[in-house]
Amino acid sequence: MYSKKPKFVWMVLLSVLVLVLGGCGTNNESKPTVSQTIDTKTERSLTIAASFYPMYIFTLNIAKDIPNVNVVSLTKPTTGCLHDYAVTPDDMKNLEGAQILVINGAGMESFMDKVISQIPNLKIIESSQGLTLIQGDGDEGVNPHVWLSITDAITQVKTIGDQLAALDPVNAPKYQENTQAYIVKLESLRTKMHQTLDGVQQRNIVTFHEAFPYFAKEFNLNTVGVIEREPGSAPSAQELSDTIEQVKSLEIKALFAEPQYPAKAADTIAKETGAKVYTLDPIVTGPMEADAYINLMESNLVTLQEALK
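Residues numbered from 1 in each chain as written. Predicted model: local features only at pLDDT ≥ 70, side-chain atom pairs only at ≥ 80, totals over all residues. Heavy atoms only, no water.

(A) Representation of the overall build of the chain in the model. Broken down by element type, the chain carries 10 helices and 10 strands. Relative to its full complement of 309 residues, the chain shows a buried share of 53%. Considering only contacts in the chain between residues 6 or more positions apart, those separated by 24 or more positions represent 72%. (Helix = DSSP H or I, 4+ residues; strand = E, 2+ residues; numbered from the N terminus. Buried < 20%, exposed > 50% of the residue type's maximum accessible area, 1.4 Å probe, protein only. Contact = heavy atoms within 4.5 Å.)

(B) Layout of the packing of aromatic side chains. In the structure shown here, the tally under the stated rule is six aromatic pairs. Note on Phe 212 and Phe 215: the rings are 5.9 Å apart at their centroids and 85° apart in plane angle, and the pair reads as edge-to-face. Its relative accessible area of 2% is what places Phe 212 among the buried residues. Owing to a relative accessible area of 0%, Phe 215 belongs among the buried residues under this scheme. Aromatic ring contacts, followed pair by pair, group Phe 58, Tyr 182 and Tyr 293 into a single cluster. (Phe/Tyr/Trp six-rings, centres within 6.5 Å; stacked < 30°, edge-to-face > 60°.)

(C) Molecular detail of the pairing of strand S4 (residues 123–126). Neither face of S4 is open: one carries Lys 123 and Ile 125, the other Ile 124 and Glu 126, and all of them are buried. Here strand S3 (residues 100–103) pairs with S4 via four bridges, running parallel. What sits directly across from Ile 103, in S4, is Glu 126. (Pairing = 2+ DSSP bridges.)

(D) Structural detail: the sheet that holds S3. Strand order in this open sheet of four strands is S2-S1-S3-S4, and the pairing throughout is parallel. In this open sheet, the two strands that pair with only one neighbour each are strand S2 (69–73) and S4. Strand-to-strand twist in this sheet, taken as the mean axis angle between neighbours without regard to direction, amounts to 25°. In the packing of helix H2 (residues 53–62) onto the sheet, the strands contacted are strand S1 (46–50), S2 and S3, and the crossing angle to S2 comes to about 165°. (Axes fitted to C-alpha atoms, helices over the stretch in contact; angles between N-to-C directions.)

(E) Molecular detail of the nonpolar core. Counting 79 residues, the largest nonpolar core has Leu 95, Tyr 175 and Tyr 293 as its most contacted members. Not counting residues within four places of it along the chain, the set of residues in contact with Tyr 293 comprises Ile 57, Phe 58, Trp 147, Leu 148, Ser 149, Ile 150, Ala 153, Tyr 182, Leu 186, Leu 189 and Ile 283. Grouped together as the second largest cluster of nonpolar side chains are 13 residues, Val 224, Ala 265, Ala 266 and Ile 269 included. (Core = buried A, V, L, I, M, F, W, Y, C linked by side-chain atoms within 4.5 Å.)

(F) The pairing of S3, seen in detail. Neither face of S3 is exposed, since Ile 100 and Val 102 on one face and Leu 101 and Ile 103 on the opposite face are all buried. Bridging between S1 and S3 involves three bridges; their strand directions are parallel. Paired with Ala 50 across the two strands is Val 102, which belongs to S3.

(G) Spatial organisation of unusual backbone geometry. Despite not being glycine, Asp 65 has its phi angle at roughly 60°, a positive value. Structurally, Asp 65 is set in the loop between H2 and S2. A residue is classified by how much of its surface remains accessible, and Asp 65, at 62% relative accessible area, is exposed. Even without being glycine, Asn 220 reaches a positive phi, approximately 55°. Residue position: Asn 220 is located in the loop between helix H7 (213–218) and strand S8 (222–226). Looking at Asn 220, the relative accessible area reads 56%, which means it is exposed.

(H) Up close: the environment of Leu 74. Locating Leu 74 in the fold gives a position in the loop between S2 and helix H3 (89–96). Assessed through its relative accessible area of 2%, Leu 74 is described here as buried. Considered as a pair, Leu 74 and Asp 90 are 16 residues apart in the sequence and their alpha carbons are 8.3 Å apart. In this view, Leu 74 contacts Ala 50, Ser 51, Asp 91, Asn 94, Leu 95 and Met 112; residues no more than four positions away in its chain are not counted.

(I) Region of the structure containing the sheet that holds strand S7 (residues 204–207). The strand order across the open sheet formed by four strands is S8-S7-S9-S10, and the pairing between neighbours is parallel. Edge positions in the sheet fall to S8 and strand S10 (276–279), since each has one partner strand and no second. Each adjacent strand pair in this sheet contributes to an overall mean axis angle of 35°, direction not counted. In this structure, strand S9 (residues 254–257) lies alongside S10, joined through four bridges in parallel fashion. Within S10, the position partnered with Ala 254 by the bridge is Lys 276. Contacts from helix H10 (residues 292–307) reach S9 and S10 within the one sheet, and its direction differs from that of S10 by about 165°.

(J) Molecular detail of H3. Three or more residues of H3 are buried, namely Asp 91, Met 92 and Leu 95. Projected onto a plane normal to the axis of H3, the buried residues spread over an arc of 95° and lie on a single side. (Arc of directions from axis to C-beta.)

(K) Inspection of the environment of Gln 305 at higher detail. Mapping Gln 305 onto the fold places it in helix H10. For the pair Gln 305 and Leu 197, spaced 108 residues apart in sequence, the C-alpha separation works out to 7.4 Å.

(L) Here's a closer look at the pattern of salt bridges. Scanning all chains against the criterion turns up six salt bridges. With its nearest N and O atoms 2.9 Å apart, the salt bridge here joins Lys 158 to Asp 162. Here Lys 158 pairs with Asp 162, and both are found in helix H5 (residues 150–167), just four residues apart, close to one helical turn. Residue Asp 162 is classed as partly exposed on the basis of its relative accessible area, which comes to 38%. The salt bridge involving Glu 177 is made with Lys 174; its shortest N-O contact spans 3.8 Å. On the criterion of helical spacing, the pair formed by Glu 177 and Lys 174 is a turn pair, its members being three residues apart in helix H6 (residues 172–197). (Salt bridge = Lys/Arg side-chain N within 4 Å of Asp/Glu carboxyl O.)

So this is what it looks like as structure tokens:
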């Protein structure tokens, strides 16, 4: 059975709870790489923590039905995108019992850097490793929302599956089997969405915040405006005016808000332009179910069919 970490480690970890993430578009600093393996022949159980909602859903599928392998979400499923996030005591309790942490990377979990440094035996799987990242505006660094491209999500799933198999070789065949089965589902979803969206005539969209560049790239959509660069940070009067003029000039009929945030600014633009507000989900909250990513993407497809027709 895995030994409990000494109490002084817990106290050290609590001392860094004031660390704050400066937004999703942080610099893509290097992360620890996985090394060595975990001997699940002699250990009773393995706990894999996932940093936040989409990483939890991906890992849940990959570790499905493997005895004594437990997947937990480091953050609450209602946390959403990790903008300005600070680690909580509950997060640290989840991490304290884990041997592996699955992260998105690309700067999304920068708030965890000093916490992770206090747990040298924790294995880190960075699922965005090797992906081509989109640069944010100005000094925002890279955009980390890679999971919203189904193609990139498939690569993330493969990376997680490969590295879990390497870390836990006893269960490697099952990780690989689950990974391939989930990738087949994701490939089917990608085909379905492309068949529907590749032929739409209206390709200009205005989104709520900078969550959708990878999604737009996947489906060849043109993001002509972003209402709030950072959720909770309302656009200035000039930014709002510029977006209204852009929506009018391009004759955009659809604005996309997100279910996790108030749509006040989007409603204002809609009132001034006659555009309609729709909800597009960035898949950062939702049910803790294995098919949640696929179901939420299919809901997005229905929304886009209506909005872009």
